[in-house]
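Structure assessment
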Amino acid sequence: MRDNFAYAREFLTKEVPEVKVLDSNASYLAWVDISALGMNAEDFCKYLREKTGLIISAGNGYRGNGHEFVRINLACPKELVIDGMQRLKQGVEELSEK
């Protein structure tokens, strides 16, 4: 699972610089700062689900400034992580075109 986290971090850093992956002790959860997108986490998660089919969790339920973060579960086969990262990239690109 650490390989999945490393892949997701590297992919998002290179391909989706608008978001930032936080350092984490969890090997299967990625916390991602989406504040630069100008959309709260709940709306962003709903948007991704509708536009790309990707389902991730909004950080709103986790105190503090969770409305600026999403949580991505990486406890799955790497092929699904790769697909999810591509969908996330697609969603951010489409959002930027608006």
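Here we summarise the structure given alongside this text. Chains are numbered independently. Their residues run from 1 in the order of the written sequence. For this predicted model, a pLDDT threshold of at least 70 governs which residues receive local features, and a threshold of 80 or more governs which side-chain atom pairs are given and counted, while totals over whole chains, interfaces and linings are taken from all residues. The side-chain quantities take in all heavy atoms of the structure and omit both hydrogens and water.

**Points about the sheet that holds strand β4 (residues 69–73)**
The pairing criterion is simple: DSSP has to find at least two bridges between the two strands. By definition, any uninterrupted DSSP run of H or I lasting at least four residues is a helix, any uninterrupted run of E lasting at least two residues is a strand, and each is numbered from the N terminus. Strand order across the open sheet formed by 4 strands is β1-β2-β4-β3, with antiparallel pairing between neighbours. Whereas interior strands pair on both sides, the edge strands pair on one side only; in this sheet they are β1 (20–21) and β3 (57–58).

**Some points on the environment of Gly84**
Structurally, the position occupied by Gly84 is in helix α3 (residues 78–97). The buried label applies to any residue whose accessible area, calculated with a 1.4 Å probe on protein chains only, is under 20% of its type's maximum; exposed applies above 50%, and partly exposed to all values in between. Overall, Gly84 belongs to the buried group, its relative accessible area being 6%. As a C-alpha pair, Gly84 and Leu54 span 30 residues in sequence and 6.4 Å in three-dimensional space.

**Thoughts on the state of the cysteines**
Cysteine sulfur pairs qualify as disulfides if the two atoms are within 2.5 Å. Counted under the stated rule, the structure contains 0 disulfides. Cys76 supplies the cysteine sulfur nearest to Cys45, a cysteine that is in no disulfide, at a spacing of 16 Å. The exposure class of Cys76 is partly exposed, given its relative accessible area of 25%.

**Some remarks on the side chain of Asn4**
Relative to the helices and strands, Asn4 is located in helix α1 (residues 2–15). You can call Asn4 buried: its relative accessible area is 6%.

**Notes on the packing of α1 against α3**
Contact geometry for α1 and α3: axes closest at 10 Å, N-to-C directions at 20 degrees. With respect to α3, the axis of α1 lies roughly parallel. For the pair α1 and α3, the crossing hand works out as right-handed. Residues Asp3, Asn4, Tyr7, Ala8, Phe11, Leu12 and Glu15 of α1 form the contact with α3, whose own contacting residues are Lys78, Val81, Ile82, Met85, Gln86, Leu88 and Lys89. Every axis in this analysis is a line fitted to C-alpha atoms, fitted for helices over the stretch in contact. Angles between the N-to-C directions lie between 0 and 180 degrees. When an angle is under 35 degrees it counts as roughly parallel; over 145 it counts as roughly antiparallel; between 65 and 115 it counts as roughly perpendicular; any other value is oblique. By definition, turning the near helix anticlockwise from the far helix through less than a right angle yields a left-handed crossing, and turning it clockwise yields a right-handed one. By the convention used here, residues are in contact when the closest approach between their heavy atoms is within 4.5 Å.

**Let's talk about the pairing of β4**
Two elements, strand β2 (residues 29–33) and β4, share 5 bridges in a ladder whose sense is antiparallel. Directly across from Val32, in β4, lies its bridge partner Val70. Pairing of β3 with β4, which is carried by 2 bridges, proceeds in the antiparallel orientation. Each residue of the ladder has a partner; that of Ala58, found in β4, is Val70.

**Thoughts on the pattern of salt bridges**
For this document, the term salt bridge refers to a Lys or Arg side-chain nitrogen within 4 Å of an Asp or Glu carboxyl oxygen. Scanning all chains against the criterion turns up 5 salt bridges. Glu15 is paired through a salt bridge with Lys89; the nearest N and O atoms lie 2.7 Å apart. Here Glu15, found in helix α1, pairs with Lys89, found in helix α3; they are 74 residues apart in sequence, far enough to count as distant. Glu15 gets classed as partly exposed once you look at its relative accessible area, which sits at 36%. A relative accessible area of 18% places Lys89 in the buried class. The residue Asp83 makes a salt bridge to Arg87 at a minimum N-O spacing of 2.7 Å. Residue Asp83 and its partner Arg87 are located together in helix α3, separated by 4 residues, close to a single helical turn.

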